[in-house]
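Below are the chains, spelled out letter by letter.
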Amino acid sequence: MKVSIAVTIILAVACAIAFGILGFALGFMKRGKDDAEKIGDATEQATKILNNALTEAESTKKAQLMEAKDEIHKLRSDADKEIRERRNEVQKQEKRLIQREEYLDKRADTLEQKNENLSEKLKKADEKLLEIDGIKKSQFDMLERISGLSQEEAKAQLMSSLESELDLEKSKRILEHEQMIKDQSDVLAREIIGTAIQRCAADHTAETTVTVVALPSDETKGRIIGREGRNIRAIEKITGVELIIDDTPEAITVSSFDPVRREIARLTLERLIQDGRIHPTRIEEMYDKSKREIEQTIKAEGEKAVITANCGSIHPELVKLLGKLKFRTSYGQSVLKHSLEVSYIAGLMAAELGADEKLARRAGLLHDIGKALDHEMDGSHIELGVEVARKYKESDAVIHAIHAHHGDIEAKTVVACLVQAADAISAARPGARRENLENYIKRLEKLEEVASSFEGVDSSFAIQAGREVRIMVKPEVVGDDKMAALAREICQKIEQDLEYPGHIKVHVIRESRAIDFAK
């Protein structure tokens, strides 16, 4: 504000000086009377301007001083108001702090009183515990005198009694849980398995390790044998099979454990007989032609199986192995048909349970893939199947199902359990499999031997074609409370030691008889 007034004054003075100098200059130049008058007018005008400037500056100064006073008054009022508000807030906070301190003091007094009461109660409790320990010791001493047993002897007797009671309780619990599980699961399992079996109809044919080739006449046998056995030796060497020529009229038997070789040899013989020209060169030509045809058949059958199973694309090498299963049999059952049936049943059960149907079909189709290699490589069909499935990048779920379908490892997925069940269903279907009499008798004898190996077993009988074993126990050795545990142990032993299709029912029987004579 002061700076603006000073600037105004300076400007007024500067204007006056300028006009004075101008007037002086004009007077000096004209040196006339008119010039003197003009100088006087200029001086008067300059003086007037200076006075106006001073008056205006004084007015501006007073106005600005008034504004400054008003501003200062307003600021002072605001400051006083804010100070009052802050003072009120501080007073409220002080009042709250005082109340909180009073509350905490009261709380501390209460806690101190409670601690004193608690200490007194703990002291009384310790005294009562000491009194109880004394009473307990005196009672133990009295019990030992009355019973004639020391504390350790009584404890041992009690534990022995508890063990027998626990054995009885354990057997009861086992029976209760088994019955409960059966009641809850039998209906659903029967419904799912029954539905799957009803929706899957499969044909079964029995094949052996030999194939009979029909001849148009017995003269053809001589032509097949050839001069000094030349032709028959060439056929056996090229095809890798054994030809059995016996007294059977108009027939030759082809024998080989490799079903593919046996099929190639059969087809070669039929073409040679149809062609009529039988000599080593022609035999080799027909063998090559038959081999190519069988290979095409294997590929076509594998592709057909994959399409039929509806399980997605499969590696071409696995498709070829599936085609080979057409000529592979197990207990007289076609392995390819068995694999397709397992695929169908596993897929149907997976659909009923809401599991991955496509994955179940795939695992069921490939579960016996190792049987296409067990004639050529060492190892079980499970090991070979796992190895080839892993080689051709099958999923871990499929590999696990292959590995677990005979119980070699524990099944940890739903798909693996479904493949196990489907495999057992397919194998147990009436007419699906057959075995020779010798193997059948050995299996029954082994079943009875396993059952009779347990303590307390009097006799055992395998019935229902080996699907049930009835075990008679000695009533004085095996009580009612131990029968459930014995049946469970026998089942576990059978599962470990025997290989069998389907399930075996273990029936433990305890019979008590009282005999007397009237005289």
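Predicted, not measured: the structure shown is a model, and the values here were computed from it. Along each chain, residues carry numbers from 1 onward, in the same order as the chain's sequence is written. Note on the predicted model: pLDDT of at least 70 is required for a residue's local features to be given, and 80 or more for side-chain atom pairs to be given and counted; whole-chain, interface and lining totals, by contrast, use all residues. For the side-chain quantities, the full set of heavy atoms in the structure was used; hydrogens and water were omitted.

Q: I tried to follow the environment of Asp368 on my own but got confused; where do I start?
A: The helix and strand labels rest on DSSP assignments: H or I over at least four residues marks a helix, E over at least two residues marks a strand, and numbering proceeds from the N terminus. Following the sequence through the fold, Asp368 ends up in the loop between α10 (357-366) and α11 (381-391). On the basis of relative accessibility, which here comes to 1%, the residue Asp368 falls in the buried class. With 30 residues separating them along the chain, Asp368 and His338 place their C-alpha atoms 8.9 Å apart. Apart from residues no more than four positions distant in its own chain, Asp368 is found in contact with Leu325, Val335, His338, Ser339, His381 and His405. Of note is the side chain of Asp368, whose polar atom sits 3.4 Å from the side chain of His338. Exposed residues in this analysis have more than 50% of their type's maximum accessible area, buried residues have under 20%, and partly exposed residues fall in between, with area computed by a 1.4 Å probe over protein chains only. Every residue pair with non-hydrogen atoms within 4.5 Å of one another is taken to be in contact. Polar contacts, as used here, are pairs of N or O atoms within 3.5 Å; protein pairs need one atom able to donate a hydrogen and one able to accept it. Residues neighboring in sequence count only if both atoms are side-chain atoms.

Q: Help me out: how do you make sense of unusual backbone geometry in this one?
A: A negative phi angle characterises most non-glycine residues, just as the trans form characterises most peptide bonds. The phi torsion at Glu228 lies on the positive side, around 55°, for a residue other than glycine. Along the chain, Glu228 turns up in the loop between α4 (219-225) and α5 (230-239). On the basis of relative accessible area, Glu228 is assigned to the exposed category, the value being 70%. Despite not being glycine, Lys393 has its phi angle at roughly 60°, a positive value. Within the secondary structure, Lys393 is located in the loop between α11 and α12 (396-404).

Q: Even after reading the chapter, I still don't get the packing of helix α6 (residues 259-275) against helix α7 (residues 280-309), so can you show me in this structure?
A: Closest axis-to-axis distance for the α6/α7 pair is 8 Å, and the angle between their directions is 130°. Of the possible angle classes, the one that applies to α6 and α7 is oblique. Pair α6 / α7 crosses with right-handed handedness. Across the interface between the two elements, Val260, Glu263, Ile264, Leu267, Thr268, Arg271, Leu272 and Asp275 of α6 pack against Arg282, Ile283, Met286, Tyr287, Lys289, Ser290, Lys291, Glu293, Ile294 and Ile298 of α7. Here the axes come from fitting lines to C-alpha atoms, over the contacting stretch only for helices, and the angles between their N-to-C directions go from 0 to 180 degrees. We call two directions roughly parallel when the angle between them is under 35 degrees, roughly antiparallel when it is over 145, roughly perpendicular when it lies between 65 and 115, and oblique otherwise. When the near helix sits turned anticlockwise from the far one by under a right angle, the crossing is termed left-handed; a clockwise turn instead gives a right-handed crossing.

Q: Before we go on, may I ask you to explain α5 in this structure?
A: Residues that lie three or four places apart on an α-helix share one face, since the helix turns once every 3.6 residues. Residues of α5 that are buried include every one of Asn231, Ile232, Ala234, Ile235 and Thr239, and no others. Angular distribution of buried residues about the axis of α5 spans 160°; they occupy a single face of the element. Opposite its buried face, α5 presents the exposed residues Arg233 and Lys237, each directed more than 90 degrees away. At the C-terminal side of α5, Gly240 shows a positive phi close to 75°. An arc is given here, and it is the one of the directions from the helix axis to the C-beta atoms.

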